[in-house]
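Tertiary structure, described
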Amino acid sequence: MSNWHLVCETSEIDFEDLKRFDYEDKTYCIYHIKDGFFATDGMCTHEDVHLEDGLVIDSEIECPMHQGIFDIKTGKVIQDPPCDDLKTYNIKVENNKIYIQID
Ligand code: FES
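Reading guide: rules and limits
- Residues numbered from 1 in each chain as written.
- Predicted model: local features only at pLDDT ≥ 70, side-chain atom pairs only at ≥ 80, totals over all residues.
- Helix = DSSP H or I, 4+ residues; strand = E, 2+ residues; numbered from the N terminus.
- Buried ≥ 20, exposed ≤ 12 C-beta atoms within 10 Å, placed from the backbone.
- Contact = placed C-beta atoms within 7 Å.
- Core = buried A, V, L, I, M, F, W, Y, C linked by C-beta atoms within 7 Å.
- Pairing = 2+ DSSP bridges.
- Axes fitted to C-alpha atoms, helices over the stretch in contact; angles between N-to-C directions.

Next up on the list: the environment of Ser59. In this structure, Ser59 sits in the loop between strand S5 (55-57) and strand S6 (60-62). According to the C-beta neighbour criterion, Ser59 is partly exposed, with 17 such atoms within 10 Å. Residues contacting Ser59, with those up to four places away along its chain left out, are Ile33, Asp35, Asp71, Ile72 and Lys73.

What follows is the structure in structure tokens.
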């Protein structure tokens, strides 16, 4: 079975914004930045806070709770308090539709 899952149309995620995507018991963020579309885990690694209300600036996501910052493309912590990086996921775009690869 394919592990690619349809998220939405490309037009549904504004530039320098994100969309929440839930699948089974997990939640993700799909971002639209200048280098394309990217995906990370949806929950901040600091506390149980969803990043869907965070701020996308260039290729970084700022957590709405304590302003921790992660690199959207690598998931790496750029600014504490988070210590652990976000997991990232592959994205593909076909016929203006965005798919995320979840194992
Ligand atoms: S919950 Fe995200 S930085 Fe604290």
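Our focus in this paragraph is the nonpolar core. Across soluble globular proteins, nonpolar side chains have a tendency to be buried as a group. Grouped together as the largest cluster of nonpolar side chains are 22 residues, with contacts concentrated most on Cys29, Ile30, Tyr31 and Ile100. The leading source of residues in this core is strand S3 (residues 26-33), at five residues. If near-sequence neighbours (up to four positions away) are discounted, Cys29 is found in contact with Leu18, Arg20, Ala39, Thr40, Gly42, Leu51 and Glu52.

The next point concerns the sheet that holds strand S11 (residues 97-101). Spatially, three strands are ordered S1-S11-S10 in an open sheet, and the strand pairing comes out antiparallel. Strand pairing shows two members of the sheet lacking a second neighbour, strand S1 (4-9) and strand S10 (91-94), which therefore form its edges. Averaged over neighbouring strand pairs, the angle between their axes works out to 30° when direction is ignored. Bridge analysis of S10 against S11 gives four bridges, and the strand direction is antiparallel. Residue pairing for S11: Lys92 is matched across the bridge by Tyr99.

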